[in-house]
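Structural overview
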Amino acid sequence: MIASPANADGFRRWHEAGNDDHIPPADVRIVTSDGQSIAAHSSLLGSASPVLERLLYRPRKTWNSDRIIHILGVPQDAVLAFVRFLHSSSRTVLTSREAEEAMGRHGVALLALSHAYRVPWLKRGCEAAAAARVSAENVMDVLKLARMCDALWLRQRCMRQVAKDFAAVQQTEGWRFVQKHDPALELEILQFLEEADQRKKRWRRERANQEMYQILGEAMDCLQHTFAGGCADEASSGKKSPCKSPLTCQRLQHLLRHYATCDNKLVPKCCPHCTRMRRLCRLHSSLCDQTASCKVPLCKQFKLKAERDQGEEKTWGLLVKKVATARTMASLANRERSELVQRSRTRYRGAR
C-alpha cells in the first residue's frame, strides 16, 4: 500500500537524518531514458509535485506490479538530482554546496523537469542558477528554454542580456538559428531592443530635465539671495549669509552685470543674455509669494502683467511647477542631511 502524503514530512526527516535503519523501504521505481532505475518514496514525490501525486494516487488498476514512473528525455544524472531535490527539504536545500553543483551541471534539465512536474520552489532556484550563467554565447538557448518552460523572470533576464551585448549575440550560432527558424522570436527581440532604446532615451531626457529644473531652482535661490544682501566669501563680513551654490551665484552675477550695462535690454529678442535674465525674473515672480517686500527687480511688474493676462501659458505654468518641486526636494534633502549631522554629533558627544 502506498503511504499517505501526510507522512511525507516524517519520511523527509528520516531521510535527512541519514539513519537508513528507520527509513521505510522505497515503493516506487523511476526509470530513465537509458533504462536505469532509481528508487524513491511515493509520499515524498507526491507531496513535492502535484503531477507525480496524480500519477501515484490514481486507481490501482492502472498501476503495474513494479510501480514504475518513466521520466524520459533527460540524462540519468539529471533525473537522479531531481529525485534528490524532491526528497530534500524544499527551499533550504538550494543553499547547500551540493545543490549549487547540481544546478551547475544539470540546471537546464532540472528547469525543464521542475516545470513539467510543477515544482515551483525548484523552478525558481533553477531560473536563478540559469540567470547567473547567462552570457552572450548561450543567451539564445536559455531564452528558448525559458519560453518553453514559461519562466518569465528568466526570459526577462535573457532579454536584458541580449540588449546589453547585442553585437556579440549576433555573432552566435543561436542567433543565426533564430533568424532562420523562429521569426516570431526574432521579431520579439527586435521589438524589445527598440523599446529598450526608447526607454533609455526617455530616461536620459527626463534626467536632463530634472537637472535643468534643479539648476533653475538654485538660480531662484541665488537671485533672491543676491538682492537680499549678497553672499559671503572669505573677505566679506559675517553679516552676509553663506552661498549654497557659489558657481550658480557667480554665473548669475555675471548675467546681472551684463543686464545692467547692456543698451539693448529693452529691445525684444535682441540680446540673448538679457532675454535670459528677464525670463529668470519672470520665473521668480511666478514663484514669489512676497511681492510687496521682494527686492528682486521686475518681480512686481511681472506679477501685474500675469494678472492682466489672466493666467499664464500652460508650458510656462508646468515649468513653474517643476521648478517649485525641485526646490522643495532640494530643501528636504538638505534638511535631512543637516538632521543626520546633528544626530551624529549628539551621539558622539554622548559617547564622550
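Since we're looking at a predicted model, the values are computed, not measured. (Residues numbered from 1 in each chain as written. Predicted model: local features only at pLDDT ≥ 70, side-chain atom pairs only at ≥ 80, totals over all residues. Heavy atoms only, no water.)

1. A few points about the sheet that holds strand E1 (residues 28–31)
Using the following cut-off: Following DSSP output, two strands are said to pair if at least two bridges run between them. Only DSSP runs of H or I reaching four residues or more are called helices, and only runs of E reaching two or more are called strands; each is numbered from the N terminus. Working convention: axes come from line fits to C-alpha atoms, limited for helices to the stretch in contact. Angles between N-to-C directions cover 0 to 180 degrees.
Spatially, E2-E1-E3 is the arrangement adopted by the 3 strands of the open sheet, whose pairing is mixed. Sheet topology places strand E2 (37–40) and strand E3 (68–70) at the edges, where each strand pairs with a single neighbour. Going from strand to strand, the sheet's axes swing by 30° on average, the running direction of each strand aside. In terms of strand pairing, E1 meets E2 through 4 bridges, oriented antiparallel.

2. Topic: the pattern of salt bridges
Put simply, the test is: We define a salt bridge as a side-chain nitrogen of Lys or Arg found within 4 Å of a carboxyl oxygen belonging to Asp or Glu. Buried residues are those whose accessible area, probed at 1.4 Å on protein chains only, stays under 20% of the maximum for their type, while exposed residues exceed 50% and partly exposed ones sit between those limits.
Counted under the stated rule, the structure contains 6 salt bridges. The residue Asp182 makes a salt bridge to Arg147 at a minimum N-O spacing of 2.9 Å. Note that Asp182 is positioned in the loop between helix H10 (173–181) and helix H11 (183–227) and Arg147 in helix H7 (residues 139–148), a separation of 35 residues in sequence. A salt bridge links Arg207 to Glu211, with the nearest nitrogen and oxygen atoms 3.8 Å apart. Taken as a pair, Arg207 and Glu211 lie in helix H11 at a separation of 4 residues, close to a single helical turn. Overall, Arg207 belongs to the partly exposed group, its relative accessible area being 46%. Overall, the relative accessible area of 42% leaves Glu211 in the partly exposed class.

3. Brief notes about unusual backbone geometry
A negative phi angle is the norm for most residues apart from glycine, just as the trans form is the norm for most peptide bonds. Located in the positive-phi region is Arg118, a residue other than glycine, with phi close to 55°. Along the chain, Arg118 turns up in the loop between helix H5 (97–116) and helix H6 (120–132). Phi is positive for Asp150, which is not a glycine, with a value near 55°. Tracing the chain through its elements places Asp150 in the loop between H7 and helix H8 (152–164).

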